[in-house]
Amino acid sequence: MRVSKGIRNTLLIFSTSLVIIVISGLIVFYPVFRMFNQSEVIQYDPELAILIGGGNSIVLNSSDGETSLIVDTKMGPASKKILSRVTGKKVVLINTHLHPDHTGGNKYFPDAEVIAGRFSPDEWEQEMGSLPYPDHTINPGSEKVIPIGRERVIIRNMGQAHSQQDCVVFLKNRRFLITGDLLFEGIHPVLFNTISSSIKWRAALETLMDEFPVETVLPGHGPLATPESIRSMIRYFQDVEKVLAGTEIQKTMVLKYSHLRKIPFVSGFGRTLRFMRFEAAQREAGRF
Ligand SMILES: [Zn+2]
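Draft legend 1. Examining the overall build of the chain more closely. The number of helices and strands found in the chain is eight helices and 12 strands. Counting only C-alpha atoms, the chain reaches 75 × 55 × 35 Å along its principal axes. Out of the 288 residues belonging to the chain, those deemed buried represent 35%. Considering only intrachain contacts with a sequence separation of at least 6, the fraction spanning at least 24 residues in the chain is 53%.

Put into structure tokens, the structure is as follows:
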């Protein structure tokens, strides 16, 4: 069968475009896929393992072998790495918030004692499906203190910020703070219309700086950090605010934060700016 030159050229253009689209897609999305599915384990000390990747997690095993504390359970294959780190007879599992990149592995710990924010049973079911309602819930603004071996673990519900309720976990003796998604290290923060609040988020970060004597910080996403990262994120929100108020030029600020990674279609300087503009309009309309 003879194919005309015109059809041949059309097919060539079509297949070349397809290849370009697939390669571009891989270039854009593969780093994000890796970010959510990889898992690197850091044995911080004999009892504490830190699992970077996905939503970051920790496993703290008490030295008497009685209890293991897990904070957040990642999603997909990365969740299984947590299983191999748990050695205690009893498992206590804290979910900093209910997003799937932090709760996907809860199903591997059906007998764990679960601690989370004070969600209504409906809200819980909507996000967590058939997984049982937590054994202990913490009201926004309140905290719960539990011993895990020699460590005193403080769980505080910081209220609405990145999500409806975000909890942080402070390992007091180690001065080690697990922020959940209150801190994105090296990445633009993720804000969701109608769910997040940049104003409350910034206030929560300021409270963390004022009330917790922190040395080391495990962010929700990105590598291990220090309190300076929390200060940087406060400044980030302040800088976006300045662009909104017209006292800073957007281009200058985009350049200032060009070292931060974006999550395609989810986070970036422009997206944060749009969110905060939306939030300001909502406030003006009396919706907050
Ligand atoms: Zn997350």
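Draft legend 2. Examining the sheet that holds strand 2 (residues 48-52) more closely. Spatially, 1-2-3-4-5-6-7 is the arrangement adopted by the seven strands of the open sheet, whose pairing is mixed. Single-partner strands in this sheet number two, and they are strand 1 (40-43) and strand 7 (136-138). Neighbour-to-neighbour, the strand axes of this sheet turn through a mean angle of 15°, independent of strand direction. Here strand 2 runs beside strand 3 (residues 57-61); their pairing, made up of four bridges, is antiparallel. Looking across to strand 3, one finds that I50 is bridged to I58.

Draft legend 3. Main features of the domain arrangement of the chain. With domains assigned, the chain is organised as domain 1 (1-37) and domain 2 (38-284). Computed over C-alpha atoms, the centres of domain 1 and domain 2 are 37 Å apart.

Draft legend 4. Up close: the packing of helix 6 (residues 227-245) against helix 8 (residues 269-284). Axis separation between helix 6 and helix 8 bottoms out at 10 Å; the angle between their running directions is 65°. Note on packing geometry: the crossing formed by helix 6 with helix 8 is right-handed. In this structure, helix 6 uses V240, E241, V243 and L244 to contact helix 8, whose residues at the interface are T272, L273, M276, R277 and A280. Class assignment for the residues of the contact of helix 6 with helix 8 results in six nonpolar, one polar and two charged.

Draft legend 5. The arrangement of the sheet that holds strand 11 (residues 176-178) in detail. One open sheet holds the five strands; their spatial order is 8-9-10-11-12, and the pairing between them is mixed. At either margin of the open sheet sits one strand with a lone partner, and together these are strand 8 (143-148) and strand 12 (216-218). When the angles between neighbouring strand axes are averaged without regard to direction, this sheet yields 20°. Strand direction decides the pairing type here: strand 11 and strand 12, joined by three bridges, are parallel. Paired with L177 across the two strands is V217, which belongs to strand 12.

Draft legend 6. Fine view of the environment of P77. Looking at the secondary structure, you find P77 in the loop between strand 4 (67-71) and helix 2 (80-83). For P77, a count of 13 C-beta atoms within 10 Å corresponds to the partly exposed category.

Draft legend 7. Helix 8, seen in detail. Compared with the 22 Å implied by 1.5 Å per residue over 16 residues, the 23 Å span of helix 8 between its first and last C-alpha is a close match. If you check which residues of helix 8 are buried, you get F269, T272, F275 and E279. Taken end-on, helix 8 shows its buried residues confined to a sector of 125°, consistent with a single buried face. Residues of helix 8 that are exposed and angled more than 90 degrees away from the buried face: G270, A281 and E284. The elements touched by buried residues of helix 8 are helix 5 (198-211), helix 6 and helix 7 (250-256). Positive phi appears at G286, one or two residues downstream of helix 8, with a value of about 75°.

Draft legend 8. Molecular detail of unusual backbone geometry. One non-glycine residue, T194, lies in positive phi territory at about 70°. What makes T194 exposed here is the crowd of 10 C-beta atoms within 10 Å.

Draft legend 9. Structural detail: the environment of I155. You can see I155 is positioned in strand 9 (residues 151-157). Separated by 66 residues in sequence, I155 and H221 place their C-alpha atoms 19 Å apart. Apart from the residues within four sequence positions on either side, I155 is in contact with I94, I115, I138, E143, K144, C167 and V169.

Draft legend 10. Representation of the packing of helix 5 against helix 6 within the structure. For the pair helix 5 and helix 6, interaxial distance at closest approach is 10 Å and the crossing angle is 150°. With respect to their mutual orientation, helix 5 and helix 6 come out roughly antiparallel. Here helix 5 runs over helix 6; the crossing is left-handed. Seen from helix 5, the contacting residues are S198, W201, R202, L205, E206, L208 and M209; seen from helix 6, they are P227, I230, R231, M233, I234 and F237. Its residues assigned to classes, the contact of helix 5 with helix 6 shows nine nonpolar, one polar and three charged.

Cut-offs and rules
Residues numbered from 1 in each chain as written. Predicted model: local features only at pLDDT ≥ 70, side-chain atom pairs only at ≥ 80, totals over all residues. Helix = DSSP H or I, 4+ residues; strand = E, 2+ residues; numbered from the N terminus. Buried ≥ 20, exposed ≤ 12 C-beta atoms within 10 Å, placed from the backbone. Contact = placed C-beta atoms within 7 Å. Pairing = 2+ DSSP bridges. Axes fitted to C-alpha atoms, helices over the stretch in contact; angles between N-to-C directions. Domains from an automatic or database assignment. Left-handed = near helix turned anticlockwise from the far one by under 90°. Nonpolar A, V, L, I, M, F, W, Y, C, P; charged D, E, K, R; others polar. Expected span 1.5 Å × (residues − 1). Arc of directions from axis to C-beta. Parallel < 35°, antiparallel > 145°, perpendicular 65-115°, else oblique.

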